[in-house]
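Coordinate analysis (summary)
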Amino acid sequence: MADLTPTPDRPGLHVSKPSPNTPATGSAVCHCGASATATGDSQVQALVEGYTANHGAAHDRTGR
């Protein structure tokens, strides 16, 4: 399986929750240079919401 962790060269959002009994983990890297990680279901949910609202497709590749 390929490594799906986002990097500055491959920005994006990655969330993992291997089983219902383990906490979710997440990482995000935006093409504007912002990056973040989170552990725990509610923290990962906040990471996803913040990334989708403020990064990724929320702004163009110039970082605006």
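Residues numbered from 1 in each chain as written. Predicted model: local features only at pLDDT ≥ 70, side-chain atom pairs only at ≥ 80, totals over all residues. Heavy atoms only, no water.

Describing the overall build of the protein chain
- For the protein chain, the helix and strand inventory stands at one helix and three strands.
- The secondary structure elements of the protein chain, listed N-terminal to C-terminal, are β-β-β-α.
- Classification of the 64 residues of the protein chain by burial places 23% in the buried group.
- Summarising the internal contacts of the protein chain: among those between residues at least 6 apart in sequence, 21% fall at separations of at least 24.
- For the protein chain, the exposed area adds up to about 4,300 Å²; of that, 54% sits on carbon and sulfur atoms. (Helix = DSSP H or I, 4+ residues; strand = E, 2+ residues; numbered from the N terminus. Buried < 20%, exposed > 50% of the residue type's maximum accessible area, 1.4 Å probe, protein only. Contact = heavy atoms within 4.5 Å. Areas by Shrake-Rupley, 256 points an atom, 1.4 Å probe, with all protein chains shown as cover.)

Here we look at the sheet that holds strand β2 (residues 25-29)
- Taken in spatial order, the three strands make up an open sheet running β1-β2-β3, and their pairing is antiparallel. The open sheet has two edge strands, β1 (12-16) and β3 (35-39), and neither has a second partner. Recorded for the sheet is a direction-independent mean angle of 5° between the axes of neighbouring strands.
- Sheet topology note: the β1/β2 ladder contains five bridges and is antiparallel. (Pairing = 2+ DSSP bridges. Axes fitted to C-alpha atoms, helices over the stretch in contact; angles between N-to-C directions.)

Structural notes on the pairing of β2
- Within β2, four of the five residues are buried, which leaves it mostly tucked inside the rest of the structure.
- Two strands pair when backbone bridges link them, and β2 and β3 are joined in this way by five bridges, in the antiparallel orientation. By the bridge assignment, Ser27 is partnered in β3 with Thr37.
- Here β2 folds back onto β3, and the loop between the two strands holds five residues, one of which, Gly33, carries a positive phi near 110°.

Notes on the environment of Gly40
- Mapping Gly40 onto the fold places it in the loop between β3 and α1 (41-54).
- What makes Gly40 buried here is its relative accessible area of 11%.
- Separated by 15 residues in sequence, Gly40 and Thr25 place their C-alpha atoms 6.2 Å apart.
- Once residues within four sequence positions are removed from consideration, Gly40 is found in contact with Pro23 and Ala24.

Brief notes about the environment of Val15
- For Val15, the position within the fold is in strand β1.
- Considering only alpha carbons, one finds Val15 and Thr5, ten residues apart in sequence, at a separation of 8.9 Å.
- Apart from residues no more than four positions distant in its own chain, Val15 is found in contact with Thr25, Gly26, Val44 and Val48.

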